[in-house]
Amino acid sequence: MNNFFSENINHIKNLTKDEFESLYEFTEILNSATRQDSLIEDAIDIVIKVINAERGLFVKYDEAYDTFSIISARKISNESITDLHEFSSGILQKVIKERKPLLYHDVMSDPHLSQFESVQIQRIKSVIGVPIVREGKVWGVIIADSQLDRREFTEENLLFLSFFSNLVSLALDRILKLEELEKENQILINRLQLTEEIPEMVGDSAAMRTLAHIIHKVALTDATVLITGESGTGKELAAKAIHTLSKRKEKPFLAQFCGSIPDTLLESELFGYKKGAFTGANNDKQGLLEAADTGTFMLDEIADISIALQAKLLRVLENREIIRLGDVKVKKIDVRIITATNKDLLSLVKEGTFREDLYYRLNIFPIRIPPLRERRTDISLLASHFIKKIGKPEMVIESEAIKKMENYYWPGNVRQLLNVIQRALILCDGNKLLAEHIILEDAADLENFQGTLREFEKLLLKKRLEELHGNRTLTAKSLDVSVRWIQLKLKEMGEQ
Ligand SMILES: Nc1ncnc2c1ncn2[C@@H]1O[C@H](COP(=O)(O)OP(=O)(O)O)[C@@H](O)[C@H]1O
Ligand SMILES: [Mg+2]
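Asker: What is the right way to read the overall build of the protein from this model?
Answerer: Assigned secondary structure in the protein consists of 20 helices and 16 strands. Restricting the contact set of the protein to residue pairs at least 6 apart, pairs at least 24 apart contribute 68%.

This is how it looks when you write it as structure tokens:
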């Protein structure tokens, strides 16, 4: 409460019935106002009406630059005023300096005020000004004035205005805080959308945020994408996300797993065939690439396809044309191609089992999905996500259980985590998943290892090779040794 207010609390009875009613009316406006501009306009209108002023002005004061800006200025006729020069900045300055309501009568004859040009031009007789104080600082000023031919303002008017300004600053305070919260909320929502907009893809780690950002960007284009990452990291999920976020989202998304499928079967699946193309081809059949026309097609585990099929795929990528098996008709298709692999394609190119030209056609936009062990902060989020998905929303996970999962190596990545959670839910009777419910394969043999260093080396190498499907290049990389070292060790162990 400012001094003026407390000094004059006894004079409250001096307020007229009209003024009381206006204060009451205004408290209602204050309670329902949610935006500062409408609050201020209503405030000015009330001031003009109650104290019978000619003009009312609400300026915001910027203390750092000692400047004012008009927030609202109105005439009794409800017109707006936009030029601050029409008002006396001297009076504004005085209110700010003295931080209390001021009333001037007979302005024209006051030598301190009549020097202001605006007072002369507007032929102002009396002026009333009150500061709006917020958090101990002058936030703004309300000024009202009246011209020569009108009634003078009274002390009661001044009293009314000071009550009124206190109410305004209370309401402003509430609205400004609300606006700050809204802004903060918007920022949080935007942050959430970054990851949430990726359909079904959970993760808040820096790696997943970057991935989400990249997926959003590449989804806007038709670029061929090569997704790499260990098995179970979410490559298929990422491919679906690219499709769902692209302009092709209403069109088909089809995927073909290319690993360990006989060549001819894979070929007829991809390209389709003409009746009589081979024994058993009793009808014409559309291939998946054709069925995915105008949509997206994913070739999963691309590293495993034969050299012959690689050549056919190259043609699809170069010309977007397909020919059904046994047919001569060329068909144009418009598909976005996404491929995925858990192998290091470039080393396969070097080994000569993967065509270099095809590699470059596929690798137009590479996306690497990091293994789960490189984004351990996602583990608890993913675990909760799977628990909800499996339909046990009331289940909680004790922190020991989370710790156990966070310390694990996750060779099978997110897919393995899903399995572990499924298993844990079967084992758990109550509503709390405990560490003992989390069963991690093979964790024990390395963790509680009792043998020699040489035996440990052997165990680790075997385990890592197993996890990486016998891929020596990847194993060497993950153990930070050379492929040659691995070959020597295997020889030493009598494995080769
Ligand atoms: N970030 C993720 N959020 C939620 N589920 C995921 C995530 N990553 C993978 N999964 C789930 O893990 C399993 C394996 O994912 P998938 O895309 O098939 O992996 P990949 O193709 O790399 O082997 C699927 O059930 C998938 O839904
Ligand atoms: Mg997969």
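Asker: Looking at this structure, I do not really get the nonpolar core. What am I missing?
Answerer: A general tendency of soluble globular proteins is for nonpolar side chains to be buried together. Ranked by size, the top nonpolar core spans 38 residues in total, and within it I215, I227, I242, L289 and I338 carry the most contacts. Looking at this core, the elements with two or more residues in it are α7 (206-219), β6 (225-228), α8 (235-244), α9 (263-271), β10 (296-300), α11 (307-319), β13 (336-341) and α13 (356-362). With six residues, α7 is the single largest residue contributor to this core. Excluding its chain neighbours within four sequence positions, the residues that come into contact with I227 are K235, A238, A239, I338, A340, I367 and I369.

Asker: Can you help me understand the packing of helix α2 (residues 17-32) against helix α3 (residues 36-50) in this one?
Answerer: Running from N to C, α2 and α3 point in directions that differ by 175 degrees, and their axes come no closer than 11 Å. Considering their axes alone, α2 and α3 lie roughly antiparallel with respect to each other. Listed contacts from α3 to D18, E19, S22, F26 and I29 of α2 are D42, I46 and V50. Residues that form the contact of α2 with α3 fall into these classes: four nonpolar, one polar and three charged.

Asker: How should the sheet that holds β6 be read in this particular structure?
Answerer: Within a beta sheet, neighbouring strands are joined by backbone hydrogen bonds and run either parallel or antiparallel to one another. One open sheet holds the five strands; their spatial order is β7-β10-β13-β6-β14, and the pairing between them is parallel. Sheet topology places β7 (253-257) and β14 (365-368) at the edges, where each strand pairs with a single neighbour. Along the sheet, successive strands turn relative to each other by an average axial angle of 20 degrees, direction set aside. With four bridges joining them, β6 and β14 adopt parallel strand pairing. Looking at β14, one finds that I227 is bridged to I367.

Asker: Help me understand unusual backbone geometry in this model?
Answerer: Note: most peptide bonds trans; most residues except glycine with negative phi. Phi at T294 takes a positive value of approximately 70 degrees, unusual for a residue other than glycine. Of note in the backbone geometry, D480 takes a positive phi value of approximately 60 degrees without being a glycine. Relative to the helices and strands, D480 resides in the loop between α19 (472-479) and α20 (483-492). Note on D480: 7 C-beta atoms within 10 Å, which makes it exposed.

Asker: What exactly am I supposed to notice about the environment of R355 here?
Answerer: With respect to the element layout, R355 can be found in the loop between α12 (345-351) and α13. Taking the C-alpha atoms as reference points, R355 and Q310, 45 residues apart in sequence, are found 7.0 Å from one another. Discounting residues that sit within four places of it in the chain, R355 has contacts with I307, Q310 and L314.

Asker: Can you walk me through the site of ligand 1 in this structure?
Answerer: Near ligand 1, the surroundings consist of 17 residues, among which V202, G234, K235, E236 and V414 are the closest. Those elements giving two or more residues to the shell around ligand 1 turn out to be α8, α14 (378-390) and α16 (413-427). For the shell around ligand 1, a count of residues per class yields six nonpolar, seven polar and four charged.

Asker: Quick question: what am I supposed to make of the sheet that holds strand β3 (residues 102-104) here?
Answerer: Pairing is antiparallel across the open sheet formed by five strands, whose spatial order is β2-β1-β5-β4-β3. Each edge of the open sheet carries a strand with a single partner, namely β2 (67-75) and β3. Adjacent strand axes in the sheet meet at a mean angle of 15 degrees, parallel and antiparallel pairs treated alike. Pairing analysis gives six bridges linking strand β1 (residues 55-62) to strand β5 (residues 137-147), with the strands arranged antiparallel. Directly across from G56, in β5, lies its bridge partner A144. Packed onto the sheet, helix α4 (residues 89-98) meets β1, β2, β3, β4 (124-134) and β5 and runs at close to 40 degrees relative to β4.

Asker: Please explain the packing of α7 against α8 as it appears in this structure.
Answerer: Between two packed helices, what matters for the description is the angle formed by their axes and the separation of those axes. Look at α7 against α8: their axes get within 8 Å of each other, and the N-to-C directions meet at 45 degrees. As summarised for this structure, α7 and α8 are arranged oblique, according to the angle between their axes. Considering only the axes of α7 and α8, their crossing is right-handed. Facing α7, whose interface residues are I215, V218 and A219, α8 presents A238, A241 and I242.

Asker: Teacher, can you tell me more about the pairing of β5 here?
Answerer: Looking along a regular strand, one sees the side chains alternate between the two faces of the sheet. Here ten bridges tie β4 to β5, and the two strands are oriented antiparallel to one another. Each bridged residue has a counterpart across the sheet, and for V130 the counterpart in β5 is I142. Hairpin connection, β4 to β5: the antiparallel pair is bridged by two residues, and E135 has positive phi, about 50 degrees.

Asker: How should I be thinking about the confidence of the model for the protein in this particular structure?
Answerer: When pLDDT is low, close inspection of the predicted coordinates is not appropriate. Of the residues in the protein, 85% have a pLDDT of 70 or more, and the chain-wide mean is 84. Averaged pLDDT values for the elements of the protein fall to 52 in helix α1 (residues 3-7) and rise to 98 in β6.

Asker: Is there a simple way to explain the environment of P101 in this structure?
Answerer: Positionally, P101 belongs in the loop between α4 and β3. Overall, the presence of 25 C-beta atoms within 10 Å leaves P101 in the buried class. A sequence separation of 64 residues divides P101 from S165, and the C-alpha atoms of the two residues are 9.3 Å apart.

Basis of the calculations
Residues numbered from 1 in each chain as written. Chains lettered and ligands numbered in written order. Predicted model: local features only at pLDDT ≥ 70, side-chain atom pairs only at ≥ 80, totals over all residues. Helix = DSSP H or I, 4+ residues; strand = E, 2+ residues; numbered from the N terminus. Contact = placed C-beta atoms within 7 Å. Core = buried A, V, L, I, M, F, W, Y, C linked by C-beta atoms within 7 Å. Buried ≥ 20, exposed ≤ 12 C-beta atoms within 10 Å, placed from the backbone. Axes fitted to C-alpha atoms, helices over the stretch in contact; angles between N-to-C directions. Parallel < 35°, antiparallel > 145°, perpendicular 65-115°, else oblique. Nonpolar A, V, L, I, M, F, W, Y, C, P; charged D, E, K, R; others polar. Pairing = 2+ DSSP bridges. Near = placed C-beta within 6 Å. Left-handed = near helix turned anticlockwise from the far one by under 90°. pLDDT = per-residue confidence, 0-100.

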